[in-house]
Amino acid sequence: MLDASDGGGYRSPMRLAPAFPEIAVVDLKVCDRCGLCLPLCPPEAIHLALTDLVVDRSTCTGCRKCIAPCPVGALTMVPA
Amino acid sequence: MTYDTDVLVIGAGPAGAVAAWEAKRVAPELDVVLLERDARVGTPVRCAEGVGDAGLREFLNPDGAPWVARKIRRVVFVAPDDTEVQVAERDVGWILDRTRFDACLAERAVGLGAELRVSTEAAGMTCEPDGRWQVRLRGAGGDETCRARVVIGTDGVEAMVGRWAGLETRVPARDMESCAQYVVEGIDFDPDAIYLQFGADIAPGGYAWVFPKSPGVANVGLGLVALKADARNARQYLDAWIARRYPRGAKTACTVGGVIAHTTIRQTYTDGVLVAGDAAHMINPLSGGGIVNAMKAGRLAGGVAAAAIRAGDTSASRLSAYHAEWMELLGDDHLKYYRLKRALEDLDDQFFNSLARTANTIPPGKRTLGRIFAHALVRHPQLIPVAARFFI
């Protein structure tokens, strides 16, 4: 039941060819490094280190799942 | 430099500190290392700091403790139209000082012989042919490698240990609460009560809270589901709510974070690895409370890890006892709470306004959650399917 087809992206397949090639970037001046975006990222492209939060450009599929949930709006989309 | 340990606990929050504490308590001969990324255990605080009385007492006595900010005697639910419903319960709970509380838990572990290493973060890990995990560490003193028989991942919402170990730790967007909180000073409220306000315009898919730290000072925050929100982020929703409710309050110390309102991950263990607390999605999906759950899971994980090392078998099949114990203790209940959460999502503001008025017809001294629910079922038949999803 929890993984029904309306499961909001849980274990959803990665989109390999986005229609509009964009990727997420993080503004480190705004980011509070809370880690909320990490488990939301289907291809696990976001990494948090002690002083840094990084979106892996080669892994990000541009799915936007991390954008709205950021409590401070630190993530935005830019052309790939 | 490379060093060996029996148990490596990654993350010194409540789950990790209790896991290290329990491992040393069960098996004092084992080497237990507790890692903390930040320079000090308990900072930064990403938490509303509320905890229930009974669960807390299983671990520490809060009476007169220096890590307590406030005793809570009442819960006030606030409907979207600001109708307040005071619920009568006894010994409700406590607001903690998480910086001191987490430090106290870690001190317990250290007191039993665990080694605490602050300013040290795990950067990745690989499994060796002999079954040990080799964990790359980055710290103030440079890079190191730690080889551990069992790694316990208590690294919170980001859950990197689970990811490295190949466990499924991702979260669907609808089950992620985006939270923001300020410490607000100079505001007027009952300092013995916590306030929870619901409303689609206030905190869509979640609720806003006032958790008192002292008279006039409170943790004021909210959690929302971004999928249900307009274009604003959690902090912008919170700014709007505070401006309306506490226009004269002085906002300090903003903090943000994610609360995973989901069910326990399918598998919390693999060969030589256990994950516990927020990292394993062990938060109560209805209330968003996770401190006591994390400590209970940490206790189970520490005990199972210690017994497995003593027995010379840290395989997934041996460690699966931890998952079974957790599911029996709380994990299965969380499946019910999750169903209830999903059912409540279908009810709108008008319903909650009307429910609040129904609840207030019950005399204040008798207004328990159970009675409110019973009254509500009679007056609001749309609740029957909600109840059915909870009990079936």
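Please read all numbers here as calculations on a predicted model, not as lab measurements.

Trainee: Any details on the environment of R174(B)? Residues and values, ideally.
Mentor: Mapped onto the elements of the fold, R174(B) is located in the loop between helix 4 (160-164) and strand 12 (176-185). Between the C-alpha atom of R174(B) and that of A261(B), which follows or precedes it by 87 residues, the distance is 8.7 Å.

Trainee: Which residues make up the pairing of strand 4 (residues 68-72) of chain B, and what are the values?
Mentor: Consecutive side chains of a regular strand alternate in pointing toward one face of the sheet and then the other. Residue and element names in this part refer to chain B. Most of strand 4 sits out of view: four of its five residues are buried. Two strands pair when backbone bridges link them, and strand 4 and strand 7 (residues 93-96) are joined in this way by four bridges, in the antiparallel orientation. Of the residues in strand 7, the one forming a bridge with V68 is L96.

Trainee: Could you give an account of the domain arrangement of chain B, with specific residues and numbers?
Mentor: Residue and element names in this part refer to chain B. The domain boundaries assigned to chain B delineate domain 1 (2-46 + 99-170 + 264-335), domain 2 (68-94 + 173-260) and domain 3 (343-391). The C-alpha centroid of domain 2 is placed 30 Å from the C-alpha centroid of domain 1. At the junction of the two partners, domain 1 supplies eight residues and domain 2 supplies seven residues. Of the residues that constitute the side of domain 1 that touches domain 2, the class distribution is four nonpolar, two polar and two charged.

Trainee: How would you sum up the interface of chain B and chain A? Please name residues and give values.
Mentor: Contact with chain B, which involves 30 residues of that partner, is made by 24 residues of chain A. Taken together, the elements giving at least two residues each to the side of chain B that touches chain A come down to strand 12, helix 5 (234-245) and strand 16 (250-260) of chain B.

Parameters at a glance
Residues numbered from 1 in each chain as written. Chains lettered and ligands numbered in written order. Predicted model: local features only at pLDDT ≥ 70, side-chain atom pairs only at ≥ 80, totals over all residues. Helix = DSSP H or I, 4+ residues; strand = E, 2+ residues; numbered from the N terminus. Buried ≥ 20, exposed ≤ 12 C-beta atoms within 10 Å, placed from the backbone. Pairing = 2+ DSSP bridges. Domains from an automatic or database assignment. Contact = placed C-beta atoms within 7 Å. Nonpolar A, V, L, I, M, F, W, Y, C, P; charged D, E, K, R; others polar.

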